[in-house]
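Structural overview for review
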Amino acid sequence: MDHFTYRDGVLHVEDVPLPRIAAEVGTPVYVYSQATFERHARVFRAGLAGLDRTHLAFAVKANPNLGVLKVLAREGYGADVVSVGEMWRAIAGGIAPADIVFSGVGKRRDELEAALDAGIGQFNIEHEAEGVALAEIAAARGVRAPATIRVNPDVDAGTHAKISTGRKENKFGIDIDQAPGVFARLSALPGLNLRGVATHIGSQLGRLEPLESAYVRMGQLVADLRGAGHAISHVDLGGGLGVPYRPGDVMPTPAEFGAMVARVTRGWDVTLMFEPGRVIAGNAGVLLTEVLWVKPGAVNPYVIVDAAMNDLMRPALYDAYHDFVAVRPSGERMIANIAGPVCESGDTFGMGRDIDRVAPGDLAIFRTAGAYGATMASTYNSRALVPEVLVSGDRYAVVADRIPPERMIAAERVPDWLQDA
Ligand code: LLP
């Protein structure tokens, strides 16, 4: 069931017509459906129902909005965080520190300290020196930090190069061949409770095979570590499941994913941990925008919208496709390029697209913008930071304000030596 539907020719998010949000909050604006977040959270959990012991941690980077985190906390999700900033958000959103996993290749010492003091549930250590530092910090406090080592299994995820993380040459994790030695050395340190291994090979995966290859390697590693006398109670299998962006895209379902995991991990006897981000958040949000101009182009007209690459970076960064549809489609179509106001040719959402015919003043949305959308926004060209709205039934709330340029200017200083007399 979809919570983004046309009623009487007008696109609604749950029971709220999008023109109402545009009129009351302005555009561009991200609009999320709470019911869709809840549904995705439940479908993902249901897909893993065949597994004995699981821990689900929402990848906060996908959508760190407090309102969204609150919804996922209520669904019983923990959090996967990559900075202390994300950790504080998760805690503020109602996620228990013990259910938080701290990943990331560049954790600072002060972040390790803060996370330890907050009592987070697990550190995924990305390299040996980080493990040594964490052990020292924990030992100085008289505690043992619960941890895994993140392993790079050298598997090609088959996704965009910029979001692949599990090849030998990527910066993430410990080379799987080095993992037994690193595990043995770190597990001897008194400040660590090294209890398992973690992996994450990439994002927006359209096939299960790369995940399966990675998990098979992790299973062999678990067996080898146990053979060497180590106790392994936790294996973190990361995130990565893709979502459909284009009409007709077919992606593995959480049920298919869960069946594969059950098959591959049979007999592991561990708590399996998961870090889904996009699969929960991607299709739970849209970016609502207004058409400013329709400008003639050399080949096709340019539909210039008031959202830009600073609001939704994915097309500029990864050539990502986001479906574009009118809020009140007339039934007529046009072939057009879709672009934003930012002064870069990369500020283009699509070229030569077959879209609903739109005119200046019309509202439209970019679909599948709930993950890696608002969170990657910037204020480039001194544009306002884009706001976010959460809908639930016939209610909505602004869950992140639009930050106008005045507020950004107020946070800047002209040094005293440049002040006019
Ligand atoms: N766990 C770790 C350690 C990760 O690095 C990531 C994503 C996830 C979990 C969640 O992956 P997901 O289930 O969402 O695929 N900005 C890019 C995506 C970057 C993903 C980074 N890591 C984009 O817009 O496509």
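All figures in this text were calculated on a predicted structure; none of them were measured in a lab.

This next bit is on the overall build of the protein. For the protein, the count of helices and strands is 12 helices and 21 strands. Computed over C-alpha atoms, the radius of gyration of the protein comes to 23 Å, within 12% of the 22 Å expected from 2.2 N^0.38 for 421 residues, which places it in the range of a compact globule. Overall, the protein is about 70 × 65 × 40 Å in size when its C-alpha atoms are taken along their principal axes. Residue burial in the protein is summarised as follows: out of 421 residues, 55% are buried. Of all intrachain contacts in the protein linking residues separated by at least 6 positions in sequence, the fraction that spans at least 24 positions is 70%. Surface exposure of the protein reaches about 17900 Å², of which carbon and sulfur atoms provide 52%. Distance between charge centres in the protein, computed from 41 positive and 50 negative side chains, equals 3 Å.

With respect to the helices and strands, Phe 366 occurs in strand E19 (residues 363-366). Here Phe 366 falls in the buried class, since its relative accessible area comes to 0%. Put simply, Phe 366 and Val 143 are 223 residues apart on the chain and 48 Å apart in space, counted from C-alpha to C-alpha. Not counting the four nearest positions on each side in its chain, Phe 366 is found in contact with Val 286, Leu 287, Thr 289, Val 305, Ala 307, Leu 312, His 322, Asp 323, Phe 324, Ile 338 and Phe 349.

The environment of the ligand is formed by 18 residues, the closest being Ser 203, Glu 275, Arg 314, Tyr 318 and Tyr 372. Within the side chain of Glu 275, an N or O atom sits 2.5 Å from a nitrogen atom of the ligand. Here Tyr 372 contributes a side-chain N or O atom positioned 2.6 Å from an oxygen atom of the ligand. Here the ligand, which alone exposes 600 Å², has 92% of that area covered by the protein. Considering only residue class, the shell around the ligand consists of six nonpolar, six polar and six charged.

Before going further, it helps to spend a moment on the side chain of His 55. Looking at where His 55 falls in the secondary structure, it is placed in strand E5 (residues 54-59). Discounting chain neighbours no more than four positions away, the residues touching His 55 are Asp 99, Val 101, Thr 271, Leu 272, Met 273 and Phe 274.

Here we come to the sheet that holds strand E1 (residues 4-7). The antiparallel open sheet is built from three strands, whose spatial order is E1-E2-E3. Only two strands of the sheet have a single partner each, and these edge strands are E1 and strand E3 (16-17). Where E1 and strand E2 (residues 10-13) come together, four bridges link them in antiparallel fashion. Paired with Thr 5 across the two strands is His 12, which belongs to E2.

With that out of the way, let us pick up the packing of helix H2 (residues 34-47) against helix H9 (residues 254-264). In a pair of packed helices, the angle between the axes and the distance between the axes together describe the arrangement. Their axes nearest at 7 Å, the elements H2 and H9 cross at an angle of 30 degrees. It follows from the interaxial angle that H2 and H9 lie roughly parallel. In this structure, H2 crosses over H9, and the sense of that crossing is right-handed. Where H2 approaches H9, its residues Val 43, Phe 44 and Gly 47 are matched on the opposing element by Pro 254, Ala 255, Phe 257, Gly 258 and Ala 259. Taken together, the residues of the contact of H2 with H9 sort by class into six nonpolar, two polar and no charged.

Aromatic rings considered in pairs are described by the distance between their centres and by the relative angle of their planes. Applying the stated criterion across every chain yields a total of eight aromatic pairs. Summarising the aromatic geometry, the rings of Phe 44 and Phe 274 are spaced 6.3 Å apart at their centres and angled 75 degrees between planes, so their arrangement reads as edge-to-face. Remark: Phe 274 occurs in strand E13 (residues 271-274) and Phe 44 occurs in helix H2; sequence separation between them is 230 residues. In this structure Phe 44 comes out as buried when scored by relative accessible area, which is 4%.

Attention now moves to the domain arrangement of the protein. Taken domain by domain, the protein consists of domain 1 (4-32 + 282-410) and domain 2 (34-278). Between the C-alpha centres of domain 1 and domain 2 the distance comes to 32 Å. Summing the contributions of domain 1 and of domain 2, the shared interface buries around 2100 Å²; its carbon and sulfur component is 56%. Considering only the side of domain 1, the residues that lose the most area to domain 2 are Tyr 318, Tyr 321 and Tyr 372, jointly responsible for 28% of the buried surface there. On the surface where domain 1 and domain 2 come into contact, there are zero salt bridges. Between domain 1 and domain 2 we count 10 residue pairs in polar contact (both at pLDDT 80 or more) in total. Where the side of domain 1 that touches domain 2 is concerned, the elements lending two or more residues are helix H11 (314-318), strand E20 (388-392) and strand E21 (395-400). In the side of domain 1 that touches domain 2, the residues fall into 12 nonpolar, seven polar and four charged.

Let us look at the pairing of strand E9 (residues 145-152). Most of E9 sits out of view: eight of its eight residues are buried. In E9, alternate side chains face the same way, and those of Ala 145, Ala 147, Ile 149 and Val 151 on one face and Pro 146, Thr 148, Arg 150 and Asn 152 on the other are all buried. Sheet topology places strand E8 (residues 122-125) next to E9; three bridges connect them, and they run parallel. Bridging across to E9, Asn 124 finds its partner in Thr 148. For the crossover from E8 across helix H6 (residues 128-140) to E9, the handedness is right-handed. Across six bridges, the pairing between E9 and strand E11 (residues 192-198) is parallel. Residue pairing across strands places Thr 148 opposite Gly 196, the latter belonging to E11.

Conventions used here
Counting of residues starts from 1 at the beginning of each chain's written sequence and follows it residue by residue. Local features in this predicted model are restricted to residues of pLDDT 70 or higher, and side-chain atom pairs are both shown and tallied only at a pLDDT of 80 or more, whereas totals for entire chains, interfaces and linings draw on every residue. Side-chain measures here rest on the full set of heavy atoms in the structure, leaving out hydrogens and waters. The helix count covers DSSP runs of H or I at least four residues long, the strand count covers runs of E at least two residues long, and both are numbered beginning at the N terminus. In this treatment the radius of gyration is a C-alpha quantity, and the globule benchmark scales as 2.2 Å times the residue count to the 0.38 power. Only protein chains enter the calculation, and the probe is 1.4 Å; a residue is then buried if its accessible area is under 20% of its type maximum, exposed if over 50%, and partly exposed in between. Residue contacts follow a heavy-atom distance rule, with two residues in contact if any of their heavy atoms lie within 4.5 Å. Only the protein chains shown count as cover for residues, and all accessible areas are computed by the Shrake-Rupley method using a 1.4 Å probe. Positive residues here are Lys and Arg, negative ones are Asp and Glu, while His and the chain termini are left out of the count. To locate a charge, the coordinates of NZ of Lys, CZ of Arg, CG of Asp or CD of Glu are taken. We call a residue near a given molecule or strand whenever any one of its heavy atoms falls within 4 Å of it. Definition of a polar contact: a pair of N or O atoms within 3.5 Å, with one able to donate and the other able to accept a hydrogen when the atoms are protein atoms, and with sequence-neighbouring residues admitted only if both atoms are side-chain atoms. Residues were grouped as follows: Ala, Val, Leu, Ile, Met, Phe, Trp, Tyr, Cys and Pro as nonpolar; Asp, Glu, Lys and Arg as charged; and all remaining residues, including Gly, as polar. Strand pairing is defined by DSSP finding a minimum of two bridges between the two strands. Axis definition: a line fit to C-alpha positions, over the contact stretch in the case of helices; interaxial angles, taken between N-to-C directions, run 0 to 180 degrees. In these notes the angle categories are as follows: under 35 degrees is roughly parallel, over 145 is roughly antiparallel, 65 to 115 is roughly perpendicular, and the rest is oblique. Take the far helix as your reference; a near helix turned counterclockwise from it by less than a right angle gives a left-handed crossing, and one turned clockwise gives a right-handed crossing. Side-chain rings of Phe, Tyr and Trp, where Trp is taken by its six-membered ring, are said to pair if the distance between their centres is within 6.5 Å; with planes under 30 degrees apart they count as stacked, over 60 as edge-to-face, and otherwise as tilted. Domain limits in this description derive from either an automatic procedure or a database domain assignment. Accessible area that two parts lose when put together, evaluated with a 1.4 Å probe and summed over both, is termed the buried area. Within this document, salt bridges are pairs made up of a side-chain nitrogen of Lys or Arg and a carboxyl oxygen of Asp or Glu, the two lying within 4 Å of each other. Note on handedness: a crossover is taken as right-handed if, strands pointing away from the viewer, the path from the first strand over the helix to the second is clockwise.

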